[in-house]
Amino acid sequence: MPKSSEFGSQLSIGSNSSKSSNKSESVKVIVRCRPMSDKEVKDGHKQIIDMYCDRGVIQIHKPNVSEEEVPKSFTFDAVYDWNSNQNDLYEEIFRPLVDSVLEGFNGTVFAYGQTGTGKTYTMEGDPQRPGVIPNSFEQIFNCIARSQNQQYLVRSSYLEIYQEEIRDLLAKDQSVRFELKERPDIGVYVKDLSSFVCKSIKEIEHVMTCGHQNRSVGATNMNEHSSRSHAIFIITIEHTEEGIDGQNHIRVGKLNLVDLAGSERQAKTGTVGQRQKEAIKINLSLSALGNVISSLVDGKSTHIPYRDSKLTRLLQDSLGGNAKTVMVANIGPASYNYEETLTTLRYANRAKNIKNNPRVNEDPKDALLKEFQSEIVRLKQQLLDRRKQKENRLSNGINIEEQVIHESKEIQPIDTEAVEKLQTKIKAMESKLLVGGKNIVDHTNEQQIQLEIKNKELIEQKKRERQMLQKLEEQEESTFEYRETFTSLQQEVEIKRRKLKKLVSKLQSVKTEIMDVQESNARERRELEQMQNDLMKELKLKYIIIDNFIPIEEKNKLLSHIVFDEEEDDWKIKKSCNNTDGSYLCKRPNSCFAFRYPTSEFARMAQEVGSGLRYRCENIMDCELELSSRMTKDYTAPRLSPRVRAALENALKREDDIDVEISSIPAPTSRKKGKKKETNGNVLRPLTAFKISNRNESRNLSERPDTAGANQSYPTARGLIRK
Ligand code: ADP
Ligand code: MG
């Protein structure tokens, strides 16, 4: 597969070099509700969603409240219920967007929603029910096939953002993390991201499959991984277009197909250290997306926090920029998802107020088509030159056979080989530039084109109907009063009462909505405060370590050498302090000559100044001496029966005074030094506390010949008892 980065192209999202401009348009927001799953049906979950697709209205009922409570209602550009199919959605929503990309606009599709609500189903679908991505492949290559006198170049990239790290899903080495860069001429782009030139549906499908496989590599739990990472499939379509000046211009449209991470709340608090950092990072891009949306629509913000996350930076143009954007909010219909579904609907409701200024990108600096065209021209010129050289040689009277014989034998093979090489190269490059009706085999006949046009008209009409219905409903309320003619005072009262009731219920629902939002904001704030406390704790610990264990000079030196790199969102060592390889902060001190042992210049100077830095210990924290826990116990005397006590006391007497009937005590069988032998329980174990004073005697005794025979049970000198 040809790789476009081989030609020095870097992918940029959002080019600045747009020329023609159109009027502003809102981000299109649609809601899609999946059907109840078999499990949900089996578990007896209630459905809490009502959808009115003809008016683009969705209602959500709070579970376990009285029937009288008014459901919350939202209106969107379009809503799709559980009966909708992939094709309806594509024809009505995504086909017009892809058409715009083919014209040179940037387009973005976000699939937003809780895990398990159908984001991946909407974006990718399955072989029987293809989603947006495979359907767009078909649309793009069919459109190219039908084009006339236009050259197209299609390339694709696939990346993933996980815990604020960018992974190129098409790269060979999946361990490499990629950086975002910004250039005034081409905007924000992923440095060194690979992009592959695709000549057919098959090729672009292959790119997608490769990316898919790489996505699961390294993920221990694919479901969990995909619910926590954002996957972006990017298709860049460049084409030539004759402008009003009669010149050929290059237009570039980029389609970003984004399967976002699950929007469900991640537990941020209660986790510590690395896990806490992970939890914060996982949803950072998603909460940054929410913040960007809020700032864009509140009308007061002067600063839009695009830089807060990789996702918002990369897709800056899709939110308030020059792209056409569609957001699909996916929800589930069951009651146990109430909170998450409501959050998704509120999120989507805010997003529909974002205004974009879509513009066609014309002749951007990073157009690959231009590079390809000039490369082909260059190669063709080379080929022409070679042919001319050959012709010149021939016209100078050198016969080919002579040439073979007289000139260096290698000239002709090299010539032909080089020409052949050039020709194949030109062919290969030309094959990448798609021209309608030439490269693409799958032609669509006239009838099909007509059918598509009719379809488009039908969809347009449906859209207009929906918009009219929505408008009608709005007007109905305001003109309600004027339409009524009152025949009597009583009737007037009755009608006004009805109207008042309606308004009161509306007020009530607005009030509950405000309370709900306040409550969820307060919850969010508490969580953030908790998180801030945890982070403060960690920070304090770091300060203690720095203040007490790092010499102040070292700290200051380091501080003067580092700067915060906004681009990479991290602290970096200043360029001037870096070695060329970026390896070492400062120059290593030289060693001193003629010292008895290796001493650095720095240490010698320190010695002379008398600063004695080497063994400084005053920075060590004032810690109490840490005592290890005790391993021994106090002696407690054993509880002895009076008889045993008497025997013991006896033992403490001098050997001569002991009154023991030796003959009745059995002699020890082999006594090994230091090894105590277990006996029948009628003998006391040696008592070391008493042993010391009698050690000599006891040894003497054990060395004595066995006088008492087999009956002696223990050394008599110790005064131990008999049975
Ligand atoms: P997500 O990507 O949001 O986590 P998935 O796309 O994986 O969710 O969908 C979860 C399950 O629900 C899948 O089995 C999918 O086939 C099914 N599903 C989602 N949306 C629909 C729909 N509109 N119609 C039928 N099945 C759907
Ligand atoms: Mg998914």
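Scroll up to find the structure.
Quick look at the structure, then. No experiment lies behind these values; they were computed from the predicted model shown.

1. Let's talk about the packing of helix α10 (residues 338-351) against helix α15 (residues 489-549)
Packing of α10 against α15 leaves a shortest axis separation of 13 Å and a crossing angle of 100 degrees. Here α10 is positioned roughly perpendicular relative to α15, judged by the angle of their axes. On α15, the residues that touch Glu339, Leu342 and Arg346 of α10 are Glu513, Asp516, Val517 and Arg523. Residue composition of the contact of α10 with α15, grouped by class: two nonpolar, no polar and five charged.

2. Some thoughts on a nonpolar patch on the surface
Together, Met536, Leu539, Leu541, Tyr543, Ile544, Ile545, Ile546, Phe549 and Ile550 line one region of the surface with nonpolar side chains, adding up to about 780 Å² of accessible area. For leucine 539, the location among the structural elements is in helix α15. Classification of leucine 539 by relative accessible area gives partly exposed; the value is 40%.

3. Digging into the site of ligand 1
Within the structure, ligand 1 sits among Arg32, Arg34, Pro35, Gln114, Thr115, Gly116, Thr117, Gly118, Lys119, Thr120 and Tyr121. Take threonine 120: an N or O atom from its side chain is 2.7 Å from an oxygen atom of ligand 1. Between ligand 1 and tyrosine 121, the relevant distance is 2.7 Å, taken from an oxygen atom to a main-chain nitrogen or oxygen of the residue. Burial of ligand 1 by the protein amounts to 67% of the accessible area it has alone, namely 560 Å². Taken together, the residues of the shell around ligand 1 sort by class into two nonpolar, six polar and three charged.

4. Regarding the pattern of salt bridges
Taken as a whole and assessed by the stated rule, the structure comprises 32 salt bridges. For aspartate 99, the salt bridge identified is with lysine 456, shortest N-O distance 3.1 Å. One end of the pair, aspartate 99, is in helix α2 (residues 86-103); the other, lysine 456, is in helix α14 (residues 446-483), with 357 residues separating them in the sequence. On the basis of relative accessibility, which here comes to 21%, the residue aspartate 99 falls in the partly exposed class. Across the pair glutamate 494 and arginine 497 runs a salt bridge whose closest N-O atoms are separated by 3.3 Å. Here arginine 497 and glutamate 494 lie together in helix α15, a separation of three residues that amounts to about one turn. A relative accessible area of 34% places glutamate 494 in the partly exposed class. Take arginine 497: its relative accessible area is 49%, and that puts it in the partly exposed class.

5. Details of the sheet that holds strand β7 (residues 72-75)
One open sheet holds the three strands; their spatial order is β5-β6-β7, and the pairing between them is antiparallel. The sheet is open, and its two borders are formed by β5 (49-52) and β7, each paired with just one other strand. Along the sheet, successive strands turn relative to each other by an average axial angle of 15 degrees, direction set aside. As judged from the four bridges shared by strand β6 (residues 57-60) and β7, these two strands associate in the antiparallel manner. Paired with glutamine 59 across the bridge in β7 is serine 73. Across the sheet, α10 is in contact with β5, β6 and β7; its angle to β7 comes to roughly 35 degrees.

6. Some words on a negative patch on the surface
Residues Asp308, Glu566, Asp569 and Asp570 make up a contiguous surface patch of negative charge. Here glutamate 566 is to be found in the loop between β21 (562-565) and β22 (570-573).

7. What to know about the packing of aromatic side chains
Following the criterion strictly, the structure yields six aromatic pairs and no others. One cation-aromatic arrangement involves lysine 324 over phenylalanine 105; the distance from NZ or CZ to the ring centre is 4.7 Å. The ring of phenylalanine 76 has lysine 352 sitting right over it, with the charged end atom 5.2 Å from the ring centre.

About the thresholds
Residues numbered from 1 in each chain as written. Chains lettered and ligands numbered in written order. Predicted model: local features only at pLDDT ≥ 70, side-chain atom pairs only at ≥ 80, totals over all residues. Heavy atoms only, no water. Axes fitted to C-alpha atoms, helices over the stretch in contact; angles between N-to-C directions. Helix = DSSP H or I, 4+ residues; strand = E, 2+ residues; numbered from the N terminus. Parallel < 35°, antiparallel > 145°, perpendicular 65-115°, else oblique. Contact = heavy atoms within 4.5 Å. Nonpolar A, V, L, I, M, F, W, Y, C, P; charged D, E, K, R; others polar. Patch = residues over 30% accessible without salt bridge, like charges linked within 9 Å, V, L, I, M, F, W, Y side chains within 5 Å. Areas by Shrake-Rupley, 256 points an atom, 1.4 Å probe, with all protein chains shown as cover. Salt bridge = Lys/Arg side-chain N within 4 Å of Asp/Glu carboxyl O. Buried < 20%, exposed > 50% of the residue type's maximum accessible area, 1.4 Å probe, protein only. Near = heavy atom within 4 Å. Polar contact = N/O pair within 3.5 Å; in protein donor to acceptor, adjacent residues only side chain to side chain. Pairing = 2+ DSSP bridges. Lys, Arg positive; Asp, Glu negative; His and termini not counted. Charge placed at Lys NZ, Arg CZ, Asp CG, Glu CD. Phe/Tyr/Trp six-rings, centres within 6.5 Å; stacked < 30°, edge-to-face > 60°. Lys NZ or Arg CZ within 6 Å of the ring centre and 35° of its normal.

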